[in-house]
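Letter by letter, the chains look like this.
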Amino acid sequence: MLQVGRTAWKTVEWVLLAAVGLVFVFPFLWMFLTAFKTMPEVYQFPPTWWPESWQFENFRIAWSSGPFVTYVMNSILVAGGILILQFLIAVPAAYAFARYRFPGRNLLFGLSLIALMIPSQVIFLPVYVEMSHWGLVNTLWSLILPFGASAFGIFLLRQAFMQVPDEVIEAARLDSASEWKIMWTIMVPMAKPVLVTFGLFSFIYHWNDYFWPLIMTNSDSVRTLPIGISMLKAAEGGKQWNVIMAGNMILVLPILVVFFFAQRHIISAFVYQSK
Amino acid sequence: MHKAVAAPELSGTSNQAAEVPIDWMERLRPYLYVAPAMLFFALFFFFPIGYVIYLSFFDWSLLNLEEMEWVGLGNFTALMAEEDFWQVLGNTLIYTVVTVGLGILLSFMLALWLNRKAKVYGIVQAAVFSPHIVSLVSIAMLWMWLMDPQYGLLNAILEMVGLPGYSWLSDTKSAMVSLILVSIWKGVGYNTLVFIAGMQSIPKDIYEAADLDHSPWWRTLTRITIPMLSPTMFFLLVINTVSSFQVFDTIYIMTQGGPVNSTNMLVFYIYEQGMDFYNGGAASAASVILLAMVGFLTWLHFRLMEKRVHYR
Amino acid sequence: MKKLQVSMLACVLSVTAVLAGCGSSKEAAGTNTQSGGSTAPQGQTASAGKPVEIDFWYALGGKNGEYIEKMVKDFNASHKDIVVKPAYQGSYYENHSKVLASVSAGNQPDVTMVEVGSIGAFADAKVLEDLGPYANGAEKKYIPGLLGNSYWKDKLYAIPFNRSTPLLYLNRDMLKAAGLDPNGPKTWEELRQFSQAMTKKEGDKTATYGFSTPIDIWFYEALVFQSGGKILTDDNKELAINTEAGKAPLEFWTGMLKEGVMKAPPGEKYNAWDVAKQDFLNQQVGMIFTSTGDLRSLKENAKFDLGTAFLPANKNFGAPTGGANLVMLAKSSDEEKKASWEFMQWMTDTKQTIPFSLESGYMPVTTEAVESEDMKKAYEKEPNFQVAVKQLEYASPRPMVPGYKELQEVIMTEIQRAVLGQASVDEAIQKATEKGQKLLKK
């Protein structure tokens, strides 16, 4: 009897698990299915589940509606550029915070933590004015520079550096390696997992970013993919949801594919922040 | 964080202690190392914060930055007298309270359920998490399509089970609900996984002791799990609140603040005032108010973090 | 600009490569390429300078946007000394935000489209170049009815480009099926009757609505004009909608909505327009208000006999004009301004405006174009295209004060409140007036 109850409960739980999974996955599936439908099929009620015929054409229309090669390149340049800059800036800072005791250290570290909390949306207006004074608006620099110092990155790396055993560093110092060299050739490789974690987090975050490029760019040569995609909205005679969804697939699919293969890394990258 | 206090510190100069003259290079080294980071923070965080406060005392417009007129607190009093601004503040608060409250509650329950070893749970965890890493632009457009009152999937499903269609984004009452729904859908996976990580770091022996005592599950929950998770919960509370305060993408793409201002919230309001209506003064004053709200939360966060560090 | 200079210089230095190398590159698509300006004195010809590069921002997406890109390409091909770089910026208002922000940043375009109601705001902020000295009377070639929004404080700041008026679009098949005049209703009362006749219910759901319109400021303006009123007083200092004529449109709409014969399409701003057009194409709505600019694409996508008509009259016919004008920015250099003027003139000239009109549905902007044989032939074949031009006789400019964008949002918000049943017509108008007055005083 107990056995039967348990099986029944198991079945119910499986159904519930499937339902929860579907709630989060099905919308993406719907994006995929819509992307292959024809316009009349999109505007059919009740909707068809499966496309009557698979319209790869939608992807071509979306792709050719703007210079998408440029958008993709810019997205990579921006997300990649930010990552490199953050890396170059965060490593020495984290090293200093982790391994040195110096007057003002706590203050400076506290300031970085404040920067961690203030979202860029809050101060976009003054940063825009600032960028405009420097003549950097509508350049890739205006998308990269404001994110150059990552408080989160400094924070993560500092913790990683603190966990490196002192003996390792002592040994290196006895070999009369310079501090600079110790930092890059000993500490950084030892912090590799954290670097991967941080890299994934940063890249995904900036790949997805819409707000900042929306504010800062006004020509196709510097626009990123999310902006290009959002411009698909405009068309006469009703929204072409099939084309819009096809365009969004271009933005979403790479991330989901990477997520599929590097789930554990990505999840820990995002969740790590909480620790 | 607390590790910072406990970690062994190495003075950079300790090895060269034999040298008599003070090695200025070694003294300076940590400052040089943190200098680039501090420069960037100064340029892109602290200076802008000061600058926006400064700007909020002027009547100005992006159209003509040379002509700025000092108005003192005029922008703030004007905002306070503006009925629409209060509505914007109210919207922001409602959105935040519901998104954060419901989001955390839901994800806590999900975490309790999904925090198990078997593979299915891992798969469902990943599924629940997946929206979090997708661009909000795509999510906004996707949900706009799902919520289309005539051709959208959601109303099709409602109709299939015999319910009337919902107005979603097109009605003043339902538009806010819809935005909250999207935001919870996107955020719940992150919260859940943070909770799960928190749960897994609770020492097993505490639970084992509870098992020996035969205490019922709800007592274990209220006496062990929830208290042990309180730092996690607090962290999520702050992170979620701050990110709810700055909601923009979904509003910009899905509702443009409407219908009838019912989904107009702070960052969108700032954008609209600054970039659409040429009211730099109102926009910067609203930015300062938002900044104060976020600043207060940050302060609260640090205060409680400090406490937590001392406790352990 | 810099990059171009460098590549130009490189080309000049290797003289033999000029024809082969530079001629093939897109930016320097000319054989008279050589050094110019003050930096590189080694060029030998003084008459032909290096091409002037100008930025042109536009705000039409989809097919119309593609056609604009094509026009720019044609211009570049036929003008060796000017290179126009087009950039799409989203809707009119998104474009405005971009222009505004870019002016402060100093990377503003040289020529851009500005929605007609906002010309005043841009001119008032001294962002626009006075076109009088360039035009020298050349503005007389444009249809006078389209110049209403071109002047600010008696100076010419803009020339008409993609100009529209709202039209009543008809599904003639549905009209005929309901036994109605396929030429559509002529008055508000007829519009109501037609809508009643065309609305079909299935159970408690409405399968087809007779009429739908986005609750947009533009259509509200139209209905106020039709009722003999106006939005602003003549001195532009007060809102004039707290009148019979200001309330009539709302009473008309709310009445039809209550009867269930009109649909207010859901969605904010341009989203509501999209819904209205989609409903119309799907034959779920028999008649809609929308812009002439949608004519071509609706015509192409409609699977029924599509007709257009004047907006029905209340006391009289009436409609605002709309669309966008071309403006030149004051911050550009003299050289760029000269090139800009040439470009603006070319884009709006008879030769270009005729095909642009026929490709899109926007009105041709020169008198010569309207009277041309080409246009007449096209109108004969497709009379729908002529309706807008004919309606111009009854059209007025859009209201124009520097803060009109914010003002129109305020009015729109309040009239939507009335349409959604959150406020009575009187309350809504009262509220709009109060808020509007406050803005006008600023």
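Residues numbered from 1 in each chain as written. Chains lettered and ligands numbered in written order. Predicted model: local features only at pLDDT ≥ 70, side-chain atom pairs only at ≥ 80, totals over all residues. Heavy atoms only, no water.

## Regarding the overall build of chain A
Part 1: Looking only at helices and strands, chain A features 14 helices and zero strands.
Part 2: Counted from the first residue to the last, chain A has its helices and strands arranged as α-α-α-α-α-α-α-α-α-α-α-α-α-α.
Part 3: Structurally, chain A occupies a C-alpha span of about 75 × 70 × 30 Å along its principal axes.
Part 4: Split into buried and exposed, the 275 residues of chain A put 60% on the buried side.
Part 5: If you take every contact in chain A between residues at least 6 apart in sequence, the share linking residues at least 24 apart comes to 72%. (Helix = DSSP H or I, 4+ residues; strand = E, 2+ residues; numbered from the N terminus. Buried < 20%, exposed > 50% of the residue type's maximum accessible area, 1.4 Å probe, protein only. Contact = heavy atoms within 4.5 Å.)

## Some details on unusual backbone geometry
In terms of backbone geometry, most residues other than glycine have negative phi values and most peptide bonds are trans.
Part 1: Residues other than glycine seldom take positive phi values, yet Asn138 of chain A does so here, at roughly 65°.
Part 2: Within the secondary structure layout, Asn138 of chain A lies in the loop between helix 6 (124-134) and helix 7 (140-144).
Part 3: A residue is classified by how much of its surface remains accessible, and Asn138 of chain A, at 16% relative accessible area, is buried.
Part 4: In this structure, Asn236 of chain C takes a positive phi of about 65° despite not being glycine.
Part 5: Topologically, Asn236 of chain C is positioned in the loop between helix 9 (217-226) and helix 10 (244-259).

## Overview of the interface of chain B and chain A
Part 1: Chain B puts 94 residues into the contact, and the matching count from chain A is 107 residues.
Part 2: Regarding the contact of chain B and chain A, the summed buried area is about 9,200 Å², with carbon and sulfur atoms giving 77% of it.
Part 3: Between chain B and chain A we count nine residue pairs in polar contact (both at pLDDT 80 or more) in total.
Part 4: Among the elements that line the side of chain B that touches chain A, the one with the most residues is helix 2 (residues 24-55) of chain B, at 20 residues.
Part 5: Taken together, the residues that form the side of chain B that touches chain A break down as 71 nonpolar, 15 polar and eight charged. (Buried area = accessible area lost by both parts, 1.4 Å probe. Polar contact = N/O pair within 3.5 Å; in protein donor to acceptor, adjacent residues only side chain to side chain. Nonpolar A, V, L, I, M, F, W, Y, C, P; charged D, E, K, R; others polar.)

## Some words on the interface of chain C and chain A
Part 1: Taken together, the contacts link 25 residues of chain C with 21 residues of chain A.
Part 2: Of the roughly 1,700 Å² buried between chain C and chain A on both sides combined, carbon and sulfur atoms contribute 43%.
Part 3: Counting the contacts that link chain C with chain A gives one salt bridge.
Part 4: Its salt-bridge partner being Asp274 of chain C, residue Lys239 of chain A comes within 2.7 Å of it at the nearest N-O pair.
Part 5: Taken together, chain C and chain A are joined by nine residue pairs in polar contact (both at pLDDT 80 or more).
Part 6: Residue assignment for the side of chain C that touches chain A shows that the elements contributing at least two residues are helix 3 (62-78), strand 2 (82-88), helix 4 (92-105), helix 11 (270-281) and helix 12 (295-301) of chain C.
Part 7: Looking at the side of chain C that touches chain A element by element, the count peaks at six residues for helix 4 of chain C. (Salt bridge = Lys/Arg side-chain N within 4 Å of Asp/Glu carboxyl O.)

## Examining the domain arrangement of chain A
Part 1: Along its sequence, chain A is organised into domain 1 (2-59) and domain 2 (67-233).
Part 2: Just the C-alpha atoms count here: the centres of domain 1 of chain A and domain 2 of chain A sit 38 Å apart. (Domains from an automatic or database assignment.)

## Quick word on the nonpolar core
A general trend in soluble globular proteins is that nonpolar side chains are found buried together.
Part 1: Grouped together as the largest cluster of nonpolar side chains are 285 residues, with contacts concentrated most on Met254 of chain B together with Phe56, Ile68, Met113 and Met347 of chain C.
Part 2: Of all the elements, helix 14 (residues 241-271) of chain A adds the most residues to this core, at 17 residues.
Part 3: With residues up to four places along the chain from it excluded, the contact list for Met347 of chain C reads Phe56, Ile68, Met71, Val72, Phe161, Leu326 and Gln352 of chain C.
Part 4: Residues Ile215, Ile217, Val224 and Ala418 of chain C belong to the second largest nonpolar core, which totals 50 residues. (Core = buried A, V, L, I, M, F, W, Y, C linked by side-chain atoms within 4.5 Å.)

## Notes on the confidence of the model for chain C
Residue and element names in this part refer to chain C.
Part 1: Averaged over all residues, the pLDDT of chain C is 86; the fraction at 70 or higher stands at 89%.
Part 2: Across residues 1-47, where pLDDT falls below 50, the model places 39 contacts with residues more than four positions away in sequence or in other chains.
Part 3: Model confidence for the complex: the whole-complex pTM is 0.86, and ipTM, which rates the interface, is 0.90. (pLDDT = per-residue confidence, 0-100.)

## Let's talk about the environment of His214 of chain B
Part 1: Its location among the elements puts His214 of chain B in the loop between helix 9 (204-212) and helix 10 (217-245).
Part 2: Distance from His214 of chain B to Val177 of chain B, taken between C-alpha atoms, is 43 Å for residues 37 residues apart in sequence.

## Structural notes on the UniProt feature "transmembrane region" (unreviewed entry) in chain A
Part 1: The sites that carry the UniProt feature "transmembrane region" (unreviewed entry) are, in the present numbering, residues 12-33, 68-95, 107-128, 140-161, 182-207 and 241-262 of chain A.
Part 2: The span residues 68-95 of chain A shows a helical share of 100% and a strand share of 0%, and its end C-alpha atoms are spaced 40 Å apart. (UniProt positions renumbered as here; feature names shortened; annotations may be inferred.)

## What to know about the pattern of salt bridges
Part 1: Enumeration over the complete set of coordinates arrives at 30 salt bridges over all chains.
Part 2: With its nearest N and O atoms 2.7 Å apart, the salt bridge here joins Asp166 of chain A to Arg99 of chain A. Taken as a pair, Asp166 of chain A in helix 9 (residues 166-174) and Arg99 of chain A in helix 4 (residues 68-99) lie far apart in primary sequence, 67 residues in all. Summarising the burial analysis for this pair, Asp166 of chain A and Arg99 of chain A share the class buried.
Part 3: Close ionic contact of Glu53 of chain C with Lys85 of chain C constitutes a salt bridge, the shortest N to O distance being 3.2 Å. Of this pair, Glu53 of chain C sits in strand 1 (residues 52-58) while Lys85 of chain C sits in strand 2; the two residues are 32 residues apart in sequence, bridging distant segments of the chain.
Part 4: On the accessibility criterion, Glu53 of chain C (10% relative accessible area) is buried.
Part 5: One network of salt bridges, in which partners are shared, links Asp84 of chain B together with Glu414, Arg417 and Lys435 of chain C.

## As for the domain arrangement of chain C
Residues and elements named next belong to chain C.
Part 1: Domain parsing of chain C yields domain 1 (1-50), domain 2 (55-164 + 323-379) and domain 3 (166-320 + 403-441).
Part 2: Placing the centre of domain 2 and that of domain 3 at their C-alpha centroids yields a distance of 28 Å.
Part 3: Each partner contributes to the interface: domain 2 provides twelve residues, whereas domain 3 provides twelve residues.
Part 4: Taken together, the two surfaces of domain 2 and domain 3 that pack against each other cover about 1,000 Å², and 49% of this comes from carbon and sulfur.
Part 5: In terms of surface lost to domain 3, no three residues of domain 2 exceed Tyr93, Ser164 and Gly361, which account for 42% of the buried area on that side.

## Structural notes on the packing of aromatic side chains
Part 1: The tally for this structure, following the rule as stated, stands at 75 aromatic pairs over all chains.
Part 2: Plain terms: the ring middles of Phe26 of chain A and Trp49 of chain A are 6.2 Å apart, the flat faces sit at 70° to each other, and that makes the pair edge-to-face. In this pair, Phe26 of chain A sits in helix 1 (residues 2-34) while Trp49 of chain A sits in the loop between helix 2 (39-42) and helix 3 (57-64), placing the two residues 23 residues apart along the sequence.
Part 3: The exposure class of Trp49 of chain A is partly exposed, given its relative accessible area of 40%.
Part 4: Judged by centre distance (5.1 Å) and plane angle (65°), the ring pair of Trp143 of chain B and Trp185 of chain B falls under edge-to-face. Of this pair, Trp143 of chain B sits in helix 6 (residues 136-146) while Trp185 of chain B is found in helix 8 (residues 172-200), placing the two residues 42 residues apart along the sequence.
Part 5: Its relative accessible area of 6% is what places Trp143 of chain B among the buried residues.
Part 6: Look at Trp185 of chain B and you get buried, because its relative accessible area is 5%.
Part 7: Aromatic rings pair up to connect Phe87, Tyr95, Tyr100, Phe161, Trp180 and Trp184 of chain A together with Tyr33 of chain B into one cluster.
Part 8: The ring of Phe109 of chain A has Arg158 of chain A lying over it, and the distance from NZ or CZ to the ring centre is 4.2 Å.
Part 9: One Lys or Arg, Lys405 of chain C, reaches over the ring of Tyr93 of chain C and ends 4.5 Å from the middle of that ring. (Phe/Tyr/Trp six-rings, centres within 6.5 Å; stacked < 30°, edge-to-face > 60°. Lys NZ or Arg CZ within 6 Å of the ring centre and 35° of its normal.)

## Some points on the sheet that holds strand 6 (residues 158-164) of chain C
Residues and elements named next belong to chain C.
Part 1: Pairing in this open sheet of five strands is mixed, and the strands run 2-1-3-14-6 from one edge to the other. Each edge of the open sheet is held by one strand with a lone partner, namely strand 2 and strand 6. Going across the sheet, the axis of each strand differs from the next one's by a mean of 25°, ignoring polarity.
Part 2: As paired strands, strand 1 and strand 2 are joined by seven bridges and run parallel to one another. When the bridges of strand 2 are listed, Glu53 appears paired with Val83.
Part 3: Seen against the sheet, helix 4 touches strand 1, strand 3 (111-115), strand 6 and strand 14 (322-328) and runs at an angle of roughly 130° to strand 3. (Pairing = 2+ DSSP bridges. Axes fitted to C-alpha atoms, helices over the stretch in contact; angles between N-to-C directions.)

## Regarding the packing of helix 18 (residues 404-419) of chain C against helix 19 (residues 425-441) of chain C
Residues and elements named next belong to chain C.
Part 1: As a packed pair, helix 18 and helix 19 sit with axes 8 Å apart at the nearest point and diverge in direction by 165°. As summarised for this structure, helix 18 and helix 19 are arranged roughly antiparallel, according to the angle between their axes. Considering the relative orientation of helix 18 and helix 19, their crossing is right-handed. Residues Glu406, Leu407, Val410, Ile411, Glu414, Arg417 and Ala418 of helix 18 lie in contact with helix 19, whose contacting residues are Val425, Ala428, Lys431, Ala432, Lys435, Gly436, Leu439 and Leu440.
Part 2: Residues of the contact of helix 18 with helix 19, tallied by class, amount to nine nonpolar, one polar and five charged. (Parallel < 35°, antiparallel > 145°, perpendicular 65-115°, else oblique. Left-handed = near helix turned anticlockwise from the far one by under 90°.)

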